[in-house]
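# Results of the structural survey
This is what each chain is made of:
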Amino acid sequence: MMRTIEVLIVIIIITGAFIAASFFAVLPWPRQVSPVNLRRLAFTTLQMLDSNYELSRAAFETDNYTIWGGLQVALSASLPPNVIYNLTVYEVTGETTQLYTFIASISNAESLGATSDASTYMVASSNVTFNVIPEKIGEHDGGGTLYILNCSDAKGWWITGYTSHSLAQDLYNLLSPYFHETVMVQSTSQFEQILNNNTLQGETVQNAVVINTCGETVPIPAGDYATQGSANNYAKYCYILGQRVRQYNWTWASIVGYPFYYVSNAALFAGQQNTYGIYGMLCVGQAGINAFLQGLDGQQYSYNSGGITSSSQTPVNLLPNILYYCNYYGIYPSPSQTSTRALRTTILNGYNLTLGLDMFSRFDSNYIPGAVYRHKFSGATDVTGSLLALGLTRSPDIRLTALGILSYYSPRLYHSEYTANGTSRLVVLQLGLVGGV
Amino acid sequence: MVSSTVDHMVAITVFLAATLLFIGLFNQTIQTAVIYQRHRATATKASDLLDNMLLSPGIPVNWGQTDVSPTGFGLQDPEFTQYKMSPYSLMRLRSSVGEPVYYNATGQWYSNVTMGDRNFMLVPYNLALDYSTATRLMGINNTYGFQLTLTPIVTVSIQETSASPLTLKVTATGVGFPLSYATISYCFLKVGVQGGSPNYEISFNTITADDTGSANINIGSVAAGDVYALIVYARQGGLVGVGYHERVDASKRYVIPFIDSFEDGLVFLAHSYDVHYDKPPESAVFYNATFVLLTEDFTLREMPITQEKTQIVYGHGSDKTYENVTIPTHNPGILVVTYTSNNQDGVVLMPWGLSSLAFPVVFGGDPSQQEWVATDMRQVTVGGIAYQAKIAVWSLEGYQVVG
């Protein structure tokens, strides 16, 4: 009888656990499963309304009821009936402590419902011209191509909260004005083309900057590269990448964490996973960066899985020269970051590397949290490949990558108009959803 | 001893039953959460894919204006940034909804977008990018399927309220609201016949709509049997839409334009009987082609085009059954072909650049049979015309919804 009572007690406990789990496992609202991206919708609506500068005109003529009314009609007509809006125009003054001053607002509802999001859009008065012309990277020494690896058939790791595409888009916006050509590499087969020195749209492959938006993962093309690089869990592929970086004098940017830790190709590794259950990805491990550096330095390939990073999670700060470039280029990531995969200083001598740019303060003199490593053979004058490695914790702040590249190449900005008070207005469009749950 | 054994047996039976029951219950909760996460991932992919298509011009960047096959998929206008689409790249997408047309004289299938009776956009399959190539170029083949739809935000409907004197009621409405007090620019093209060949008179004007987005256009010089075409641009507060309307009296013999080359601007003009396989001989169709160019202030300007002949013969000896015209520009506009045959006249419109007649686009797979479809949308402009771009994305990895 005692056993039966014990079992009944167990059942009561499990029932309690189930009730508790059910209580906390609250299912999301249906609209949260596939939400309308209100932020993007707001931004694209503002951009569409300003395609003929009508929005800019309305923002500066808020007393003109005809124009302002026309804007209201256009807003109502362009948004779906279940989307409500509030559009507000602010003056950008900068003369007092209050940067933005309210000018006017229109709305078609008293409140914006349970779900809302907003986008901002800066408009300029028609009687002023802002003009900043950036110097192009590679203008004097060849190159000038930026490749952003945005391979749809490769998965990312340690880019938690982002997708490769969203990071690629931000990078495009931040860096494309500074390059002759910015090429989004959309698939691993396109990546294979540039690895084989074939241009995608007539750009120069030599001396390019290649930014890998997949985080600790590197895209791998199926075919020859997968065949030749399959040894030692694809560490050999990282070696070949190092060779290509040297051969084409690329600057390879690793945006977060441990560089070359995984390789990914959704079709090639469809049935394999990275030991954390992410299919389409394989773990190379610590051998990846060693193999890459061997390839970069033209050494013979030998499998080396020894660790060369410090996994200590330690706060580090941007160095003063980098803070200067923050102001120069108008890119402001947090000056304090957390180092978690800093590279050991021994790689400098071991692989003929010098520090082209040091970005962060050191928490230990033996480790470098983030830097551009420049490869030069002993006695040579020419640089033969570089590596930007940001050994910071996830999630990545892509502005640091942009800042690293810009600080390293230091393209100049030619301003024709510095300050002009009262010539800019900020338009904020907030959208909300009504109906349903 | 016996009672102890019974106790054990009862306890084990009850325990196993309870364990199985709770495994089932927990499994349901976990499955729901896993499916939610997978659906969220599909929704994120939808947003990314849409931006991927809309914010990249593709490779080569001007593939829409050439006859080459792209090696990278993207629809952005290469001359602009952000969400401005190329009117030509969109023309080169193979339509998922229009019934394809086979033209025997060229031996080709054509992607078909036909609006109204006589407004054609027929693109040969060798120039029209197909769905499977697009998924391969984006690296999502066998993992995700999608359907991309671009529809004009502003609908401009035109209704003939009086035949003579001609009065046309134009109404402009957006997705959720009429385009009150919109500025309406129009191009009126009246078809006539002189010496057996069609000619035309073009007039332009601008009027303002009322608070319901409507306006009446009165054309005094048009009789009840006259043939005409009206093209209207409505704009308000940065929002621009297009509408068109024709009156024709030739129901059998007319001209069908087939695009042959985007790079050279070459368009074949075919006899309708040749396309529909009716038996020859048939009366010839006499035509007169012109091109109206869309200017930056959304008025239309006439542009002369080269036309070697003005007659399409069908079934008489060895004569070709189609002729060709060359559009000398890559600025969006409208090819207007007026024609006459056996005293029956008509007019055919073809957009050069998708946006000039606000043709819609449906490209991709069929979402109707899919288990779960994520959607997202953006507001874009195509050649200055406001469009809404919607994407539907589904996973092809075959998981099931439970519960």
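Per-chain numbering applies: the sequence of each chain, read as written, is numbered from 1 onward. Chain A is the first chain written and ligand 1 is the first ligand written, with later ones labelled in order. Local features are withheld for residues below a pLDDT of 70 in this predicted model, meaning they are given only at 70 or higher, and side-chain atom pairs are given and counted only at 80 or more; totals for whole chains, interfaces and linings count all residues.

## Description of the sheet that holds strand S9 (residues 197-208) of chain B
All names here are of chain B. Pairing between two strands requires that DSSP report at least two bridges joining them. Each helix is a run of DSSP H or I of at least 4 residues and each strand a run of E of at least 2, with the numbering of both proceeding from the N terminus. The strand order across the open sheet formed by four strands is S9-S8-S11-S12, and the pairing between neighbours is antiparallel. Bordering the open sheet on either side are S9 and strand S12 (239-247), each of which pairs with just one other strand. Neighbour-to-neighbour, the strand axes of this sheet turn through a mean angle of 15°, independent of strand direction. Inspection of the sheet shows strand S11 (residues 227-236) paired to S12 by nine bridges, in the antiparallel sense. Considered in S12, the bridge of Gln236 is made with Leu239. Structural elements are reduced to axes, namely lines fitted to C-alpha atoms, with helices fitted over the stretch in contact, and the angle between N-to-C directions of any two is expressed from 0 to 180 degrees.

## Section: the pairing of strand S19 (residues 322-326) of chain B
Residue and element names in this part refer to chain B. Three exposure classes are used, based on other C-beta atoms lying within 10 Å of a residue's own C-beta, which is placed from the backbone: buried for 20 or more, exposed for 12 or fewer, and partly exposed in between. With four of five residues buried, S19 lies mostly within the body of the structure. In terms of strand pairing, strand S14 (residues 266-271) meets S19 through five bridges, oriented antiparallel. Opposite Phe268, over in S19, you have Asn324 as the bridge partner.

## Quick word on the environment of B:Tyr233
Of note, B:Tyr233 is situated in strand S11. Once the C-alpha coordinates of B:Tyr233 and B:Arg38 are considered, the two residues, 195 residues apart in sequence, prove to be 44 Å apart.

## Points about the interface of chain B and chain A
Facing the 60 residues of chain B at the interface are 57 residues of chain A. Counting residues per element, the ones that place at least two in the side of chain B that touches chain A are helix H1 (2-54) and strand S23 (374-382) of chain B. At 22 residues, H1(B) tops the list of elements feeding residues into the side of chain B that touches chain A. In this classification, Asp, Glu, Lys and Arg are treated as charged, Ala, Val, Leu, Ile, Met, Phe, Trp, Tyr, Cys and Pro as nonpolar, and every other residue, Gly included, as polar. Across the side of chain B that touches chain A, the residue classes break down as 30 nonpolar, 24 polar and six charged. A residue pair is marked as a contact if its C-beta atoms, positioned from the backbone, fall within 7 Å.

## Here we look at the sheet that holds strand S10 (residues 262-264) of chain A
Residue and element names in this part refer to chain A. With respect to topology, three strands assemble into an open sheet ordered S8-S10-S11, the strand pairing being mixed. Of all the strands in the sheet, just strand S8 (217-219) and strand S11 (281-283) have a single pairing partner and so form its edges. Adjacent strand axes in the sheet meet at a mean angle of 25° when their direction is disregarded. Sheet topology places S10 next to S11; three bridges connect them, and they run antiparallel. Each residue of the ladder has a partner; that of Val263, found in S11, is Leu282.

## Focus on the nonpolar core
Joining buried Ala, Val, Leu, Ile, Met, Phe, Trp, Tyr and Cys residues through C-beta atoms within 7 Å gives a set, and that set is a nonpolar core. Counting 143 residues, the largest nonpolar core has B:Val232 and B:Leu269 as its most contacted members. Leaving out residues up to four positions away in the same chain, B:Val232 has contacts with B:Val156, B:Ile158, B:Val170, B:Ile184, B:Tyr186, B:Val242, B:Gly243 and B:Tyr244. Of all hydrophobic cores here, the second largest spans 97 residues; its members include A:Phe269, A:Leu353, A:Ile398 and A:Ala402.

## Here we look at the environment of B:Leu294
Residue and element names in this part refer to chain B. Topologically, Leu294 is positioned in strand S15 (residues 282-294). On the basis of neighbour count, Leu294 is assigned to the buried category, with 27 C-beta atoms found within 10 Å. In this view, Leu294 contacts Leu300, Pro332, Gly333 and Ser356; residues no more than four positions away in its chain are not counted.

## Brief notes about the confidence of the model for chain B
Predicted confidence across chain B gives a mean pLDDT of 86, with 93% of residues reaching 70 or more. The ipTM for the predicted assembly is 0.83, set against a pTM of 0.73. As a per-residue quantity, pLDDT reports the predictor's confidence and falls between 0 and 100.

## Some points on the pairing of S14(B)
Residues and elements named next belong to chain B. The buried count for S14 comes to five of six residues, which makes it a mostly enclosed element. Strand direction decides the pairing type here: strand S13 (residues 255-261) and S14, joined by six bridges, are antiparallel. Note that in S14 the partner of Pro257 across the bridge is Leu269. Taking the residues that link successive antiparallel strands as the turn, the S13-S14 hairpin has four residues, and the phi of Gly265 there is positive, at about 70°.

## Overview of the domain arrangement of chain A
Domain start and stop positions are those given by an automatic or database domain assignment. When its domains are assigned, chain A resolves into domain 1 (36-127 + 420-433) and domain 2 (134-414). Domain 1 of chain A and domain 2 of chain A are separated by 39 Å when their C-alpha centres are compared.

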